[in-house]
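Structural characterization, general
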Amino acid sequence: MGMSLVLPQGIAGARLAGWGGTLLGDALPFAGTFVRAAALPDLPRIVAVSEDAVPGTRVAEVTVSCSNASGSPNVTLHSIEPSHPFNPIAISTDPAAATTFHAEVTLRAGAELDAHRVNQYTLTLRAACPDEDEVEERLFVRVTMGQVLHCDTPFASAEGDVVQVPADVAPWMPLYAVMPQRLGGLMYRLRNHNTPLTLTRQGLVLAPASGFDPSKDTQTFELEIEVMDRHGHNCSGAVKVEVLPSRHPRVTFLEQQRAVMVPAGIGPLEVVTQVYASGDNVRYTILSPTAPTLFTIDEVTGEIRSTGQLEVAHARLLIQAYNALHPADHATTVLNVTVQGTDRWAPSCIPAIFVSQVLETVSPGSTLVTLRCTDSTSTEGHLHYALEGPPSSRSHFHLEGPQLQVNTTLDYDSEATAAVGFQFTATIVVTAGGRPPRSTRVPVLVTVTPVNEFTPACPNGTTFTVPETAAFGRVVGHVVGTDRDYPPDSLEYSLDGGPSPAQPFSIDTRTGEIRVVGPLNSRQQKSYRLTVRLTDTHNDLDPAKRRSCLCNVVVHLQVRVQACRVNRSGCKHCGCHISSPCSRQAVPDQVPVCTPEVQELRITAGSGDRQPVTCLACQGSPDSAALTYTIAGGNEDGRFRLEANTVFYLPNDLAELRTFVLLVEVWGSPGGPRHSTVVALVVHVTPRSTPVPPSTTTQHKVSRPHWPDGAPGSIRLPDPHVPPHPLPLQMLWKEPLVVTRLEAVWHPPVWFVAVLTVSGALLLAILGCIARSLLCSNRDPGKLLLGKR
């Protein structure tokens, strides 16, 4: 019978010391047992976890393979970081294989990940199966940035961060940086404005424009700052700036005169020497010669550089160092620079500095520049070219002799390109042979410019539903388009055709928010099909290369079924019936909508016990059975009464014209949260003795007023003591003013008409009988007189 051996890692196929044959293929002259080690086939590998992960989150699951199923393996976790946020390894068996186990790595209780502080953990897992050797592998856990915005401590702590600055700092000097800028940018807002300090858009706290007053003692300024990203996440913190009295030392040069010897052949912008002066806020300048032609000085570092190719020469420079905040504090030194002649010159290159702008679509292999370099002692073919600079620049460019070429695609839309400010810097080092080698450095600056490569994309299945009773300005929904060009999702939204009676909607150009701007009528149209145009912005230097796409948006009207009844005054009162479909629609409670919301009425006091004034036409949420009406204010002496949605006036002895301002509150859903609206009624009551126009009641209806304070309830009503005049209202759009004239007509009951008819007939009969009797009595006396004669 054959025998299969599995050897420990590292000795497979090797020869054992003292044995003539290999373990594989030769017969073994002895009987023995070989120990097999446990296996971690999943490792090494890299896993990612978000810094927003909560304790208990499973970070990784590792498979452990054993050669026998006699027991569970022992797996331990080790880390380079002593305070790692992970629990001990949990082991579980695999129901499909008895010798396979699963080890879980989870976050321990109270674990808080911070990608800014630690962005990767290196974990070592050691596994040992029963009667087997221990193996060791690594697991790399990478912490990624979370979606929730976190402010750094101690800025976000209760006490806030503290920074101390001297009183003699320069104006507009940065004193504190709130948070570093991330991809996409952050917005900073200063909550308290009673401070001379300035907060920039980059989150820098700057000194006042006029500086601090150095004559004062310690000054303290507290700033409350709110930080928000482009997703709407925000955090806040505080900074306390303590301004300390100025105790700056005097500006002093250690050497009053200094001589420098430099070899000839130094190229442009190479450092010749550097001067240094002690003091605060030291700046440097060359006083003499007033227009130096060979050298220039860095005003901050004091480095003196050549302006061109140096030849044999001698220069005397008078250099001044001064305090930038106190220019009267200064010192001078003399620097003698001697350029020594030499027979060996460094290579000379054209151009000496290369600055260029390239499109992000430039193809790999394209040549950006070809250097023309010469050397005094050798030909061009003996020069060596090398590229130096940051790794990002060296990965995107390479040299083919004197040619600088593009190595990979310069993607403007990538995070890596945005991290370097869309600029790549490098240095081409041209070296000539000899001892010592002579070299020339050519600085390179390449700026990547954007190209509008991608067309905006529409969201999938954009369908919204809105009640047909939606008020003006109500939000229907948001259209969220995408664009892969940088900056990402920089889009403008527009509605083809614009708002119109047939398309009563508008869209916000920046956010894509669709709102109602006109009346909705489900009888005329059950749904609206809108065409939204997405146009990208700031994605190309040429505005004519903007891209756009059309998106179809469907807005369905939610039909409301109402049951209406007519009360005794002839007013129609509507509301959702219990059995009607509107009572079963799952629509959230809405504020009742009344049309109009402000009415100006004129009535003449009658002689009855009450007379109707107006009927309120209001609609509530579909799930409310009925609306409730109450007079909230203005009902002086109880002259008005409200029954359902009808307002009645109770006549009395009114001596002169009087104006009443009634506020009627309307709400629905008495069992839930109370959502109400207020209707204003301006009623002018004229007594019966005062001459009035032929109409008894005049009603001015205003479809929708302009609210001065921006919300319903803030209604500017006329003064009751001032003669009435039309309300100055700003209409949402032009529509005719509807004036309804109601004339009081008496309709007697049927029994009264019958009694009156019978009484009239009897009266006529009686009058006829009386007239007949009178005629008969006048005729008879005449006959008697004739008989007597």
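Here we summarise the structure given alongside this text. Note that the coordinates shown come from a computational prediction; the quantities given were computed from them, not determined experimentally. (Residues numbered from 1 in each chain as written. Predicted model: local features only at pLDDT ≥ 70, side-chain atom pairs only at ≥ 80, totals over all residues. Heavy atoms only, no water.)

Our focus in this paragraph is the state of the cysteines. Across all of its chains, the model carries 5 disulfides by this definition. Between the sulfur atoms of Cys 349 and its disulfide partner Cys 373 the distance amounts to 2.1 Å. The S-S bond linking Cys 349 to Cys 373 shows a torsion near 115 degrees; that makes this disulfide right-handed. Taken together, the residues span a long stretch of sequence, with Cys 349 in strand 24 (residues 348-350) and Cys 373 in strand 27 (residues 372-374) at a distance of 24 residues. Each member of the pair, Cys 349 as well as Cys 373, is classed as buried. One disulfide in the model links Cys 458 with Cys 551; its S-S distance is 1.8 Å. Its torsion about the S-S bond being -85 degrees, the disulfide of Cys 458 and Cys 551 is classed as left-handed. Highlighted residues: Cys 458 in the loop between strand 32 (438-449) and strand 33 (463-467) and Cys 551 in strand 39 (residues 548-558), separated in sequence by 93 residues. Here Cys 549 stays free of any disulfide, with the sulfur of Cys 458 as its closest cysteine sulfur at 3.6 Å. (Disulfide = S-S within 2.5 Å. Helix = DSSP H or I, 4+ residues; strand = E, 2+ residues; numbered from the N terminus. Buried < 20%, exposed > 50% of the residue type's maximum accessible area, 1.4 Å probe, protein only.)

This brings us to unusual backbone geometry. Following Leu 43, the chain continues into Pro 44 via a peptide bond in cis, with omega recorded as -5 degrees. Positionally, Pro 44 belongs in the segment before strand 1 (45-50). The omega torsion across Tyr 486 and Pro 487 is -5 degrees, close enough to zero to call that bond cis. The topology assignment puts Pro 487 in the loop between strand 34 (475-478) and strand 35 (491-495). Of note in the backbone geometry, Ala 644 takes a positive phi value of approximately 55 degrees without being a glycine. Examined against the element boundaries, Ala 644 turns out to sit in the loop between strand 47 (640-643) and strand 48 (646-649). The class of Ala 644 is partly exposed, set by a relative accessible area of 35%.

The next subject is the packing of aromatic side chains. Pairs of aromatic rings are described using the distance from one ring centre to the other and the angle between the two planes. The final tally for this structure, using the stated rule, is 11 aromatic pairs. Between Phe 397 and Phe 424 the ring centres are 5.9 Å apart and the planes differ by 75 degrees, which places this aromatic pair in the edge-to-face class. In this pair, Phe 397 sits in strand 29 (residues 397-400) while Phe 424 sits in strand 31 (residues 423-432), placing the two residues 27 residues apart along the sequence. The buried category is assigned to Phe 424, whose relative accessible area is 3%. What links up through ring pairs into an aromatic cluster is the set Tyr 412, Phe 422 and Tyr 486. The ring of Phe 648 carries Arg 610 above its face, with NZ or CZ at 4.2 Å from the centroid. (Phe/Tyr/Trp six-rings, centres within 6.5 Å; stacked < 30°, edge-to-face > 60°. Lys NZ or Arg CZ within 6 Å of the ring centre and 35° of its normal.)

Turning our attention to the pairing of strand 6 (residues 120-128). Of all 9 residues that make up strand 6, 7 are buried, and the element is covered over most of its length. Summarising the sheet, strand 3 (residues 74-79) and strand 6 pair through 6 bridges and their orientation is antiparallel. Bridged to Asn 74 within strand 6 is Ala 128. Pairing geometry for strand 6 and strand 7 (residues 134-144), over 9 bridges, is antiparallel. In the strand pairing of strand 7, Thr 124 is matched with Arg 138. (Pairing = 2+ DSSP bridges.)

Moving on, we get to the pairing of strand 35. Burial along strand 35 is one-sided: Leu 491, Tyr 493 and Leu 495 are buried, while Glu 492 and Ser 494, pointing the other way, are not. As judged from the 5 bridges shared by strand 35 and strand 38 (residues 527-536), these two strands associate in the antiparallel manner. Across the sheet, the residue bridging to Leu 495 is Val 532, located in strand 38.

Let us look at the side chain of Asn 539. Inspection of the secondary structure assignment puts Asn 539 in the loop between strand 38 and strand 39. The class for Asn 539 is buried, based on a relative accessible area of 3%. A polar side-chain atom of Asn 539 sits 2.8 Å from a polar atom in the side chain of Asp 483. In contact with Asn 539, not counting residues within four places along its chain, are Pro 450, Val 451, Asn 452, Asp 483, Asp 485, Tyr 486, Pro 487 and Ser 490. (Polar contact = N/O pair within 3.5 Å; in protein donor to acceptor, adjacent residues only side chain to side chain. Contact = heavy atoms within 4.5 Å.)

The 4 strands are arranged 33-39-38-35 in an open sheet whose pairing can be described as mixed. Two strands in the sheet have a free side with no partner beyond their single neighbour: strand 33 and strand 35. The sheet shows a mean angle of 30 degrees between the axes of neighbouring strands, direction not considered. Sheet analysis places strand 38 next to strand 39, joined by 9 bridges and oriented antiparallel. For Arg 533, the partnering residue across the bridge sits in strand 39 and is Leu 550. (Axes fitted to C-alpha atoms, helices over the stretch in contact; angles between N-to-C directions.)

Moving on, we get to the nonpolar core. Counting residues in hydrophobic clusters, the biggest one holds 31 residues, and the most contacted among them are Val 64, Phe 86, Leu 123, Leu 125, Leu 139 and Val 141. If you list the elements that add at least two residues to this core, you get strand 1, strand 2 (58-65), strand 3, strand 5 (97-106), strand 6 and strand 7. Those residues in contact with Val 141, other than ones at most four positions away along the chain, are Val 47, Val 49, Val 59, Phe 86, Asn 119, Gln 120, Tyr 121 and Leu 123. Counting 29 residues, the second-largest nonpolar core is a separate cluster that includes Val 369, Leu 371, Tyr 412 and Ile 428. (Core = buried A, V, L, I, M, F, W, Y, C linked by side-chain atoms within 4.5 Å.)

Our focus in this paragraph is the sheet that holds strand 5. Strands sit in the order 2-5-4 across an open sheet of 3 strands; the sheet is antiparallel. Only two strands of the sheet have a single neighbouring strand rather than two, namely strand 2 and strand 4 (90-94). Averaged over all pairs of adjacent strands, the angle between their axes in this sheet comes to 30 degrees, without regard to strand direction. Pairing analysis gives 7 bridges linking strand 2 to strand 5, with the strands arranged antiparallel. The partner of Thr 63 across the bridge, within strand 5, is His 102.

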